[in-house]
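Residues per chain are reported as follows:
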Amino acid sequence: MKEELLEVSDLKTHFPIQKGILKRNTGFVKAVDGVSFKLAKGETLGIVGESGCGKSTTGRSILRLINPTSGSVKYKGKEVTSLSKGELLKLRKEMQIVFQDPYASLNPRITIASILEEALSTHSIGKDKKERREIVLQLLERVGLNRQLANRYPHEFSGGQRQRIGIARAIAVNPTLIIADEPVSALDVSIQAQILNLFQDLQEQMGLTYIFIAHDLSVVKHISDKIGVMYLGRMVEYASKDDLFSNPSHPYTQALMSAVPVPNPLMKKEKISLKGDVPNPAAPPSGCTFHTRCNACMEVCKTIKPKDIEISPGHVVSCHLYDSAYN
Amino acid sequence: MTTNLLELLEKNPEAVDEDDLLVVENLVIQFAAEKKSHVRAVNHVNFNLKKRETVALVGESGCGKSITSLSIMGLIPKHAGDVLGSIRLNNKELNGLSPKKMRQIRGKEISMIFQEPMTSLNPVHKIGKQIGEVIRLHTKASKEEIKVKTIEMLKKVEIPRPDKIINDYPHQLSGGMRQRVMIAMAMACNPSLLIADEPTTALDVTIQAQILDLMNDLKDQFDTTILLITHDLGVVAEVADRVMVMYYGQIVEEAEVTTLFTQPKHPYTLGLLNSIPNLEENKDRLDPIVGNVPNLGEITEGCPFRFRCQFALEKCSTENPPLFNIEKQKVRCWLFEEEGEVS
Amino acid sequence: MSGIITSKNIDPSLIHLQKNNTKSYWQIVWGRLMKNKGAMAGSFILIFFIGAALLAPVLAPFPIDEMKMENRFLPPSLDHLLGTDEFGRDILSRIMHGGRISLMMGLVAVSIAGITGVVLGVISGYYRRIDIYIMQMMDILLAFPSLLLAIAIIAVLGVGLTNAMIAVAISVIPSYVRVVRGAVLSIREKEYIEAVQALGVSDFKIIVKHIFPNVLSPVIVLSTLQFGTSILAAAALSFLGLGAQPPTPEWGAMAYVGKSFLLQAWWMSLFPGLAIMLVVLGFNLLGDGLRDALDPRLK
């Protein structure tokens, strides 16, 4: 039995919609609305979903870059949502984040060495400047960059190289968990694969646990052990990678899988086309939020929110189709 | 695999005998750089598009694919860069036409859709007005006729309640809907060539699938040729008949879509195919292309891909290879010097 | 087919990067500024005036308060390059000395306004809860025309050079707060700020190390432009008799005195006025040049 590292239960993050000069709350965007999962050390959880499904907010809520509205996040058995400022600093050393946009995620005014140095000094890693400098150079080599480039500014690097620097910053504090928010989607195809391999290498070397957030199902499939599919703030299906792909159960998962174009012209797969667009998260549909686009929609879906149903060990689906009460 | 391909070709003979719609010859696009030198974004590109064909132009950022399409549209202003070579649509030379003449062709004979529909729609005008404007520019239709045609176009792109939507502003629509509006605008005057520059990149996968389906349907309905510009090989495999791969301003490989995916020849094409994770197969690790995409002007001689190529020969560092023809496939690589003949 | 190309961690195309051309942001900005003709012209004017003001005690041909009734209202000549005033004082010397006062007024007003404005702006942009209060205060200040506001402040504080500086400074603060707040708002949304927050870096360090340097360039541009405006406003106050008082050789005050003798001694008002105009022009040219050079689109 692997050690349980992270347990998220019923996580909700709602943002108030404010209107008028008095900034009165007129409603909430339920960006994350009841997400639960467990993650063991050394595993990779892929979170996949379309824009606005709340996958990035989920990641930031776990890190407490955004304070969640309710629910619980337990890291090594300790509740994260109620940590004080001082305790939060210790958490920051354990959990790190890699961002999507390698251009926006590095301060253009400072050299990459001082970007990395800052991570070290914040957590008092390394005795003095000299020792930290040596660690910085090692970090650069570790992510496949030449140590002679340490005194360069971010604008002198290509997108792929900047993403390597972003990864170096994340591993600088020697964390256990890294949340990677669309880390390859801004990169060219040939560079994506390099970065994905780097993630895998680092996981092997450092025993890292990943939460890998992406909209690209093929990327998520490639890197993950477990996959959660999100739609409008809810995790509609959660399973091990093999279970999910051999037996995709939620109608949304099925549609998503069939919609991904396959780079093989000889294989024409049957497509499940979804009607319409993703609804506005500020005014989500009643009942099951997916019912407006679902091909298997029943009457009950329009009014009652589906429960999470475990259809086989570790395979959870949030859909009335699998609820014996309605079938 | 080969027999499979031959069968496919036999079933699809029209692709061979049709007239060319667009012929691009020796296209060079260069921009002024520091110290009176030039940087070539597109370097001697030749291709032709046959009628009713969907051809994909594939490559990574900065490879020159978007610039190529802009030059076909005549959208590269004189002060910005030089466009040399010949671009012929139905045997009519487009390169060098006056801006006024080019305006008559744009929207009527060639039209274009872009990656981000929000930036190509004017936020202060209603949808109906913007589509109507295109029709008004190129036909002598009356106000009433324009309105009828506008609604008809919106129906063709499967927009629900078109009579309502014409009174909406772009920001009231979702990304997918806006792209449909863009397609309606592009197809309004029944162009013979549609250039689609990353038309689905900004969209979610489920919406992407809808838009690709729609483009396929419309192509049959309107007898349009599509030049699809994309970096997504999955999209290419799904919609293209023929594929051209670009790297550093040159076409490095050109082939029928099945040939390209089953027998890629250029090391770059091979590398791209190996780089992408595939839903249908399991790989523990990907085989990426090493190195970075070069910046324009960075490489001046030899094969521009040699720095990232693991098959690089000595010759590659001095001489840029020509395109070699191997049956119906074209490859710009010295590895195929023996096998192919220079085109 | 697969497995031919092997992955390596080390990036071979870094060879291309080996050219040693590392330039910091400020080096790039400096290079751009040097190429800007307007900025260079502005700098030239400013260096001329600042030099003249600094060296006034050494270079000025006459003492500023030496009155010679026989020299009253002398037109520009070789003896008195810019003529003399109603007490026979040399106008060139007075303008050189007056430059010290005018430039000092600009400097003090911009410094007071700049420091207060940056602090308020950063707080307002970074701590959103306080934002609304600070901004409403600024909106109230902005509702008054700035010169009128300055006059009102002087009405409270009393006439005088120091009070004029304070009045000008207060009327300039809102423009700093707005600019700084806007810059902070856009920077705090950047992912690199989130990245250092995720590292646990303290708010103070984030502001000092990551936000402030990015706010600096709009502040520099604004300060340069405001320098000119403040000098103009201070001169205007003196011209109205609310700032520097005669016999202080302040440019605005000199122009005010000369106004009474405009028909017999036009040089008394013209040259101080010209000095104000040139200095303001200099600051504006430099400010525009700096704005182009510091363009954030530069990556």
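J.: Got a minute to help me understand the overall build of chain C in this structure?
T.: Counting its regular elements, chain C contains 11 helices and zero strands. Start at the N end of chain C and walk to the C end: the helices and strands fall as α-α-α-α-α-α-α-α-α-α-α. By the compact-globule yardstick of 19 Å for 299 residues, chain C is too spread out, its C-alpha radius of gyration being 25 Å. Taking the principal axes of its C-alpha atoms as reference, chain C extends roughly 105 × 45 × 25 Å. Across the 299 residues in chain C, those meeting the buried criterion constitute 42%.

J.: Just to check I follow, could you spell out the environment of A283 of chain A for this structure?
T.: All names here are of chain A. Looking at the secondary structure, you find A283 in the loop between α9 (251–259) and β11 (308–312). By the C-beta count within 10 Å, which is 9 here, A283 ends up exposed. The spatial distance from the C-alpha of A283 to the C-alpha of V29 is 7.6 Å, given a sequence separation of 254 residues.

J.: Any chance you could explain the interface of chain B and chain A here in plain terms?
T.: By convention, interface size is frequently given as the accessible area that disappears when the constituent parts associate. Listed as interface residues are 38 residues of chain B and, on the opposing side, 37 residues of chain A. Elements with a minimum of two residues in the side of chain B that touches chain A: α9 (175–187), α10 (205–222), α11 (233–239), α12 (257–262) and α13 (267–275) of chain B. Examining the composition of the side of chain B that touches chain A, we find that seven residues originate from one element, α10 of chain B, more than from any other. Tallied by class, residues from the side of chain B that touches chain A come to 18 nonpolar, 13 polar and seven charged.

J.: Please clarify how the packing of helix α9 (residues 203–239) of chain C against helix α11 (residues 267–293) of chain C should be interpreted in this entry.
T.: Any two packed helices are characterised by how steeply their axes cross, that is the angle between the axes, and by the distance between the axes. Residues and elements named next belong to chain C. For the pair α9 and α11, interaxial distance at closest approach is 7 Å and the crossing angle is 165 degrees. Between α9 and α11, the crossing angle belongs to the class labelled roughly antiparallel. Between α9 and α11 lies a crossing of left-handed hand. Each of I220, V221, T224, L225, F227, G228, I231, L232 and A235 in α9 lies in contact with α11, whose residues at this interface are I276, V279, V280, F283, N284, L286, G287, L290 and R291. For the contact of α9 with α11, the class distribution of residues is 13 nonpolar, four polar and one charged.

J.: Could you clarify how one ought to interpret the sheet that holds strand β1 (residues 20–32) of chain B in this entry?
T.: Whenever strands of a sheet pair, they do so through backbone hydrogen bonds, lying parallel or antiparallel. All names here are of chain B. Pairing is antiparallel across the open sheet formed by four strands, whose spatial order is β2-β1-β4-β5. Each edge of the open sheet carries a strand with a single partner, namely β2 (38–50) and β5 (92–93). One ladder, built from two bridges, connects strand β4 (residues 82–89) with β5; its direction is antiparallel. By the bridge assignment for β5, L89 is matched with K92.

J.: Quick question: what am I supposed to make of the confidence of the model for chain C here?
T.: Interpretation of this model should avoid reading the predicted coordinates in detail wherever pLDDT is low. Looking at chain C, the pLDDT average stands at 85 and 91% of residues meet or exceed 70. The ipTM, which scores confidence in the relative placement of chains, is 0.88 for this predicted complex, and the corresponding pTM is 0.86.

J.: Sorry if this is basic, but what is going on with the sheet that holds strand β6 (residues 110–113) of chain B here?
T.: Residue and element names in this part refer to chain B. Read across the open sheet, the nine strands follow the order β6-β7-β8-β3-β9-β10-β12-β11-β13; overall the sheet is mixed. Lying at the two open borders of the sheet, with one neighbouring strand each, are β6 and β13 (341–342). Of the pairings in the sheet, the one linking strand β11 (residues 324–326) to β13 comprises two bridges and is antiparallel in character. Of the residues in β13, the one forming a bridge with N325 is E341.

J.: Just to check I follow, could you spell out the nonpolar core for this structure?
T.: As a rule of thumb, nonpolar side chains are buried together in soluble globular proteins. With 263 residues, the main nonpolar core has A184 and V243 of chain B together with V168 and A234 of chain C as its most contacted residues. If you tally residues by element for this core, the top one is helix α7 (residues 161–188) of chain C, at 16 residues. Sequence-distant contacts of A234 of chain C, defined by excluding residues within four places in its chain, comprise S102, M105, G106, A109, A164, M165, V168, G243 and G252 of chain C.

J.: Can you help me understand unusual backbone geometry in this one?
T.: For residues besides glycine, phi is generally negative; the peptide bonds are generally trans as well. In the Ramachandran plot, L232 of chain A falls in the positive-phi region, its phi being about 45 degrees despite a non-glycine side chain. Its place among the elements puts L232 of chain A in the loop between β9 (226–231) and β10 (234–240). Given 23 C-beta atoms within a 10 Å radius, L232 of chain A is considered buried. For E158 of chain B, which is not glycine, the phi torsion reads 60 degrees and is therefore positive. With respect to the secondary-structure elements, E158 of chain B resides in the loop between α7 (143–156) and α8 (162–165). Since 15 C-beta atoms lie within 10 Å of it, E158 of chain B is described here as partly exposed.

J.: Quick question: what am I supposed to make of helix α8 (residues 191–199) of chain C here?
T.: Since the α-helix turns once every 3.6 residues, residues separated by three or four places project in the same direction. Residues and elements named next belong to chain C. For α8, the tally of buried residues reaches seven of nine residues, placing the bulk of the element in the interior. Taken as a whole, α8 has its buried residues at Y192, I193, E194, A195, V196, A198 and L199. G200, located one to two residues past α8, shows a positive phi value of around 90 degrees.

J.: Whenever I open this one, the pairing of strand β3 (residues 44–48) of chain A confuses me. Can you help?
T.: Consecutive residues of a regular strand have side chains that alternate between opposite faces of the sheet. Residues and elements named next belong to chain A. With five of five residues buried, β3 is to be regarded as a mostly interior element. A two-sided burial pattern is seen for β3, the buried positions comprising T44, G46 and V48 on one face and L45 and I47 on the other. The pairing of β3 with strand β8 (residues 209–214) spans five bridges and is classified as parallel. What sits directly across from V48, in β8, is A214. Pairing geometry for β3 and β9, over four bridges, is parallel. Along β9, the bridge assignment pairs I47 with G228.

So, how was this worked out
- Residues numbered from 1 in each chain as written.
- Chains lettered and ligands numbered in written order.
- Predicted model: local features only at pLDDT ≥ 70, side-chain atom pairs only at ≥ 80, totals over all residues.
- Helix = DSSP H or I, 4+ residues; strand = E, 2+ residues; numbered from the N terminus.
- Rg over C-alpha atoms; globule rule 2.2 N^0.38 Å.
- Buried ≥ 20, exposed ≤ 12 C-beta atoms within 10 Å, placed from the backbone.
- Contact = placed C-beta atoms within 7 Å.
- Nonpolar A, V, L, I, M, F, W, Y, C, P; charged D, E, K, R; others polar.
- Axes fitted to C-alpha atoms, helices over the stretch in contact; angles between N-to-C directions.
- Parallel < 35°, antiparallel > 145°, perpendicular 65-115°, else oblique.
- Left-handed = near helix turned anticlockwise from the far one by under 90°.
- Pairing = 2+ DSSP bridges.
- pLDDT = per-residue confidence, 0-100.
- Core = buried A, V, L, I, M, F, W, Y, C linked by C-beta atoms within 7 Å.

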